[in-house]
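# Analysis of the macromolecular model
Read off the chains here:
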Amino acid sequence: MKIMVNLENTDEYQELDINENLSVLDLKANLSTIFNFSWNEMELLLNDKPLQNQLILGQINFNDDVVILRRVKSNLALSRSLSSSQSSLRNNNNINNINNHSSLGQAFSQFMTNSRSGNNNLNYQNNNNYNNNYGNINPLAALMSSFRSNAKEQFIQKRVKELHERFLTSPDDLNSLFNSNPELAEAIVSGNRQKVENIVRNQVAEAEKKQKDEEMEYIRLMNSDPNDPQVQQKIAKIIQKKNIDENLRQAEEYMPETLFPVHMLFINLEINKKKVVALVDTGAQSTIMSQALCEKCDLFNLCDTRFSGIAKGVGTGKIIGTVHAAQMKIQNKVLMAKITVLENSSIGFIFGLDNMRAHRCTIDLKENGLIFPDIGVTAKFLSDGEIKKIKAEQDEEDEKEEIEKAKQASLNQNDKK
């Protein structure tokens, strides 16, 4: 959400794009790094009414109104931010909990702890508020704890279900998971739901511990010297990290597919009865192949060296020449293609934009294929597993050819002797 802030009695305005789940106190911490004075010297006014630190930004009706930033004496701003919670504590005969602290900073620490737990207006410490059945247990705390436990359990069960549905229906994603988290991948494949649940439960526990540690650090920093530039810098980093974590949480919830590696687009084709795996690349101006592959496909005798030069892109490479019209077979259809031959042996084969335009190709990610409308063929994109299998077969074939060449060279040497 966007908030426009004006420093009182100046023409200095600042527009902030800040997460609506953050509090007014978080907004102040952001502003402290912009206007270069401490958060506890700030008072934020909306329509002449002060905004309390514990309020969540998304619950405030800003409309198009400008928030006024007033600089006040350090203790005054903090005292005003605590006034609402102190009045509630007075109603419950608990004002001594604030007054007995040795410093205003400690009072603020308690206020922050209460507001973070959602109990800033309720503090049951009088035995008259307890039911004898609960003994020394706070009934409200017990209820909130039960609610959080149930919500967490629901999240865990939902997450386990999502993991099974996602990875058991997507071989590519499952293959990526085996590389990033083999323990979880094996549990999903084996159908061990309990093990998956335990892994998710451990992840949630680690996240909760990390969040708690971050909140305690946040409170500690807020309770230290507000004029210390290092403290202000650390607070700003914590707020930035909270925003990033929230952004990641939204990605996990609404776009989980973006968190997994994206595989490049490869298709199968044949050149002179030689199987070739081609990378489909709209960023490549020309269709190119390596000299080694060109020789393997018996095309090097057609390479026109008059078209030699230097290829420039992400890197540079020496162009040996061009095969003006090579026959390519896709499924059971044959088409002609212009191919540039590069000296670099690691290139392989890249099906570039020149031939895509020539054959009016369409990349259809929904159907997962490269469509050739002129010949009525759709070349399906290969999965990561298929690519690895084909590469392994090609490496094995190349190794056999090298062994055969070595044997033939040895025989030739023996014949000369």
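Now for a quick tour of the structure. (Residues numbered from 1 in each chain as written. Predicted model: local features only at pLDDT ≥ 70, side-chain atom pairs only at ≥ 80, totals over all residues. Heavy atoms only, no water.)

## A word on the sheet that holds strand β1 (residues 2–7)
Spatial ordering of the open sheet is given by β2-β1-β5-β3-β4, a layout of five strands whose pairing is mixed. Strands with a single pairing partner mark the edges of an open sheet, and in this sheet they are β2 (13–17) and β4 (49–50). The pairing of strand β3 (residues 42–46) with strand β5 (residues 67–71) spans four bridges and is antiparallel. Note on β5: the bridge partner recorded for Met42 is Arg71. In the packing of helix α1 (residues 24–35) onto the sheet, the strands contacted are β1, β2, β3 and β5, and the crossing angle to β3 comes to about 115°. (Pairing = 2+ DSSP bridges. Helix = DSSP H or I, 4+ residues; strand = E, 2+ residues; numbered from the N terminus. Contact = heavy atoms within 4.5 Å. Axes fitted to C-alpha atoms, helices over the stretch in contact; angles between N-to-C directions.)

## Some remarks on unusual backbone geometry
Phi at Gln331 is positive, roughly 55°, even though this residue is not glycine. For Gln331, the location among the structural elements is in the loop between β10 (316–330) and β11 (333–342). The exposed category is assigned to Gln331, whose relative accessible area is 51%. Unusually for a residue other than glycine, Arg360 sits at a positive phi of about 50°. Mapped onto the fold, Arg360 is located in the loop between α11 (353–358) and β13 (362–364). (Buried < 20%, exposed > 50% of the residue type's maximum accessible area, 1.4 Å probe, protein only.)

## Details of the side chain of His164
In this structure, His164 sits in helix α5 (residues 139–168). Not counting the four nearest positions on each side in its chain, His164 is found in contact with Ile188, Arg193 and Val196.

These results come straight from atomic positions and should not be treated as a statement about function.
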